[in-house]
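Structure assessment
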Amino acid sequence: MYDLFIVGAGPIGCYFTQKIKEFNYKLIEEHVEVGKPVQCAGLVGENIFKYVVKEYINKINGAYIHHNEECFPLKKRNVAYVLDREKFDKNLSKDLSISFKERFLAAKIRKDKIEIKTNKGIYYSKYLVGCDGVRSKVRNYVSNKEPSYLKSIQHIIEYKHEEDMISFFLKPFSWIIPEDSKICRIGIISKDPYNDLRLPKGKVINKTGGLIPVGRINTYKNNIFLIGDAASQTKPLTGGGLYYGIKAADIAGNLFLRDKIEKYDSEWRKSFGKQILFGLLGKKIYDNISDEDMTKFYNFVKKNRKKIEESCNFDRHSSLSKIILSSPDIWPLFLKYLVRELVS
């Protein structure tokens, strides 16, 4: 019998397994290798390097904020980093025993163990860990609630862009992330991303698409727990999930080593749950905001860009709330949507 049965050898599953690999574990992965397919923009803030080796392919010093036909720069040195996601994942998987082409099918809770069925056999384990991504099957045994899903696509394309600056387009939310001076990742989150994404001329090197889970769900029950996209640990406004997933895996690993894994759900929420709640509220406002009010918000950010450059944090979207609270002129805009949300 295993101590832990871990489903999913993506970056979250591999990071967690590295934390607990002194125990008797089994790690399965449905694909043929780690790191493929890549379904991530691969843009992270400095905070993730508290947990992983600091390797990246490009360093970002700011962003151009676009709305309608206007744009302005926000500049902050080393605000973000562009990762080689395939290499990132493979580095996290080093020295781990992984069973490839193995899919989780079902689980049964027994008296003192969990019976786990895959396409390769039946196993028994004390704990079952779902790191199996956006369409997690392990989630069905932990949460009665499904998250909501955002739709996203991204193309890697030959396109010249200022190498140390990214571009964000406010609505629909889209981006240009340079890997270097000649190749960019261009993507979008929208209800109809394939029709909404506007690509510049250039050779398409690769394209990916997928769903991003958002929302509050339960993440621990009956010795089964979820980490990463499986747990809906993502940023609702931008869809980023790598930093939250790694942070949650670190929390889970430390708790398991201290024999306190039953505190996992409350501990990760204590650490960054408020950031997700802030993002969910912001996403509801974003989804309902009129173009006229988006223009007002754009002008507010432009007017306060020096404050934003000094105080905002890539991984803490709520840092913007301090600037909003200190700016009474923008309160009516947000109060209108907050009241509307409370009434509904």
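Residues numbered from 1 in each chain as written. Predicted model: local features only at pLDDT ≥ 70, side-chain atom pairs only at ≥ 80, totals over all residues. Heavy atoms only, no water.

1. A few points about the environment of leucine 211
With respect to the secondary-structure elements, leucine 211 resides in strand β14 (residues 204-214). A residue is classified by how much of its surface remains accessible, and leucine 211, at 30% relative accessible area, is partly exposed. Between the C-alpha atoms of leucine 211 and serine 152, which are 59 residues apart in sequence, the distance is 6.1 Å. When sequence neighbours within four positions are dropped, the list of residues in contact with leucine 211 reads Val134, Arg135, Tyr149, Leu150 and Lys151. (Helix = DSSP H or I, 4+ residues; strand = E, 2+ residues; numbered from the N terminus. Buried < 20%, exposed > 50% of the residue type's maximum accessible area, 1.4 Å probe, protein only. Contact = heavy atoms within 4.5 Å.)

2. Some thoughts on the sheet that holds strand β11 (residues 166-169)
If you trace the 8 strands from one edge of the open sheet to the other, you get β3-β5-β4-β11-β12-β13-β10-β14, paired in mixed fashion. Two strands close off the open sheet at either side, each with one partner strand: β3 (43-44) and β14. Where β3 meets strand β5 (residues 70-82), 2 bridges bridge the pair, whose relative direction is antiparallel. The residue bridging leucine 43 from the neighbouring strand is valine 82, located in β5. (Pairing = 2+ DSSP bridges.)

3. So, the environment of phenylalanine 300
Here phenylalanine 300 shows up in helix α6 (residues 291-303). In this structure phenylalanine 300 comes out as buried when scored by relative accessible area, which is 3%. Between the alpha carbons of phenylalanine 300 and tyrosine 194 there is a distance of 30 Å; along the sequence they are 106 residues apart. Those residues in contact with phenylalanine 300, other than ones at most four positions away along the chain, are Ile323, Ile324, Ser327 and Ile330.

4. Let's talk about the packing of aromatic side chains
Aromatic rings considered in pairs are described by the distance between their centres and by the relative angle of their planes. Tallied over the full model, the rule gives 20 aromatic pairs. Both rings, one in phenylalanine 16 and one in phenylalanine 225, keep their centres 5.8 Å apart while their planes meet at 80°; by these two values the pair is edge-to-face. Taken as a pair, phenylalanine 16 in helix α1 (residues 11-20) and phenylalanine 225 in strand β16 (residues 224-226) lie far apart in primary sequence, 209 residues in all. One exposure class covers both phenylalanine 16 and phenylalanine 225, and it is buried. Seen from their ring centres, tyrosine 51 and tyrosine 243 are 6.5 Å apart, and the 50° between their planes marks the pair as tilted. (Phe/Tyr/Trp six-rings, centres within 6.5 Å; stacked < 30°, edge-to-face > 60°.)

5. Some points on the packing of α1 against helix α4 (residues 242-257)
In contact at an axis separation of 9 Å, α1 and α4 are set at 25° when each is read in the N-to-C sense. Put simply, α1 runs roughly parallel to α4. The element α1 and its partner α4 pack so that their crossing is right-handed. When α1 is examined against α4, the residues Pro11, Ile12, Tyr15, Phe16, Lys19 and Ile20 are found in contact with a partner set consisting of Leu242, Gly245, Ile246, Ala249, Asp250, Ala252, Gly253, Asn254, Phe256 and Leu257. Residue composition of the contact of α1 with α4, grouped by class: 11 nonpolar, 3 polar and 2 charged. (Axes fitted to C-alpha atoms, helices over the stretch in contact; angles between N-to-C directions. Parallel < 35°, antiparallel > 145°, perpendicular 65-115°, else oblique. Left-handed = near helix turned anticlockwise from the far one by under 90°. Nonpolar A, V, L, I, M, F, W, Y, C, P; charged D, E, K, R; others polar.)

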